[in-house]
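# Per-entry structural report
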Amino acid sequence: MDRLKELLENANRQTWIIIGLGLTTILAVGFLLLGNRPAASAQPEFASQSMMSDSGMTASSSAAATTSQTSVETTMYVDVKGAVKQPGMKKVTSTMRVIDAIQLAGGFASNADQKQVNLAQRLTDSQVVYIPKHGEQVPASATGGTSAAGGGAGAESQAPQVNINTADLTGLQQLDGVGEKKAQKILDYRQEHGGFKSADELKNVNGFGDKTLARLKPQITV
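In what follows, the accompanying structure is described. (Residues numbered from 1 in each chain as written. Predicted model: local features only at pLDDT ≥ 70, side-chain atom pairs only at ≥ 80, totals over all residues. Heavy atoms only, no water.)

## Structural notes on the packing of aromatic side chains
- Evaluated as defined, the whole model comprises one aromatic pair.
- Arranged with centres 5.1 Å apart and planes meeting at 25°, the rings of Tyr189 and Phe196 form a pair that is stacked.
- Under the relative-accessibility criterion, Tyr189 is labelled buried at 10%.
- Looking at Phe196, the relative accessible area reads 5%, which means it is buried. (Phe/Tyr/Trp six-rings, centres within 6.5 Å; stacked < 30°, edge-to-face > 60°. Buried < 20%, exposed > 50% of the residue type's maximum accessible area, 1.4 Å probe, protein only.)

This is how it looks when you write it as C-alpha cells:
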C-alpha cells in the first residue's frame, strides 16, 4: 500500500510539471506573436502610402501633360482666299500649317499657282492665306503666298479686285466666301440683266445680303 501511494504522488507531480511546461510554452508563443504583429501591420501601411504617392505622381503627370497639350494647340481662325475650291474663314489650330488651311478650303483650284505658296508656313490667328492664280502677281504684303493681316478692310484689300461684270466662274470665286454655286448665281444674274450697274446691285442676287455686300465691296469693281 505504501508503494502504491508513493507511485500516485509521483504521477500527480509529473502531471503538474507537464501542465506547467505546457502553459509556459503557450504564453511564450503568445508573446512572440504579439511582438511580431506591429512589424507585420507596418508593412501594409507603408505599401498603402507608397501606392498613394505613386498614384498622386501619375495624376500630376497626366494633368501636366494635358495642360501642356492645351497650351500648344490653340484654336484660331484664318481667311483662305484666291485659287482654292472653297474660300472663306476656316477654323484651325496653332500647330497647323498653310497646307492644312488649303485642304480645309477644298484644295487648290485648277488655276492655282502652287509654286508661289509656302505650304510649310505655320498659321497664325486672323491670318489671310492668299493663293494666286497662274500669271497673277502675289500682293506685295504677302509672304510666300500668305499674309498675317488682322482682317477687316486691310486684309481684304490684299486680294486683287474682281470685276463682277467680266470675271468668269473661277475669277468670281476669288471673292471672300464665294464658292462655285454663288459664283454661278452672279453669272446667271449678269446674263439675265445685262450686267451690274453698281456694286450695290449685287444684293439682288440670291444669297447676297447687306452684310455680305459690305464685306465684299472693297474687293469688287463693275
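We are not done yet, so read on.
## A word on a nonpolar patch on the surface
- Taken together, the side chains of Ile19, Leu23 and Ile26 define a hydrophobic patch exposed on the protein surface, amounting to about 290 Å² of accessible area.
- Tracing the sequence through the fold places Ile19 in helix H1 (residues 2–72). (Patch = residues over 30% accessible without salt bridge, like charges linked within 9 Å, V, L, I, M, F, W, Y side chains within 5 Å. Areas by Shrake-Rupley, 256 points an atom, 1.4 Å probe, with all protein chains shown as cover. Salt bridge = Lys/Arg side-chain N within 4 Å of Asp/Glu carboxyl O. Helix = DSSP H or I, 4+ residues; strand = E, 2+ residues; numbered from the N terminus.)

## What to know about the pattern of salt bridges
- Counted according to the given criterion, the structure contains five salt bridges.
- The closest approach of N and O atoms between Asp176 and Arg215, which form a salt bridge, is 3.1 Å. On the criterion of sequence distance, the pair formed by Asp176 in the loop between helix H4 (169–172) and helix H5 (180–193) and Arg215 in helix H6 (residues 210–216) is long-range, its members being 39 residues apart.
- For Asp176, a relative accessible area of 8% translates into the label buried.
- Look at Arg215 and you get partly exposed, because its relative accessible area is 29%.

## Quick notes on the pairing of strand S1 (residues 75–82)
- With six of eight residues buried, S1 lies mostly within the body of the structure.
- Sheet topology note: the S1/strand S2 (residues 88–93) ladder contains six bridges and is antiparallel. Directly across from Val80, in S2, lies its bridge partner Gly88.
- In textbook terms, the turn of a hairpin is the stretch between consecutive antiparallel strands, and for S1 and S2 this stretch comprises five residues.
- Pairing of S1 with strand S3 (residues 128–131) involves four bridges; the strand directions are parallel. Bridge pairing in S3 places Asp79 opposite Val128. (Pairing = 2+ DSSP bridges.)

## Description of H5
- Its 14 residues give H5 an end-to-end C-alpha distance of 20 Å, which sits within 8% of 20 Å, the value for a rise of 1.5 Å per residue.
- Within the sequence span of H5, burial applies to Ala183, Ile186, Leu187, Tyr189 and Arg190. Viewed end-on, H5 has its buried residues packed into an arc of 165°, placing them on one side of the element. Turned more than 90 degrees from where H5 packs its buried face, Glu180, Lys181, Gln191 and Glu192 sit exposed.
- On the buried face of H5, the contacting elements are H4. (Expected span 1.5 Å × (residues − 1). Arc of directions from axis to C-beta. Contact = heavy atoms within 4.5 Å.)

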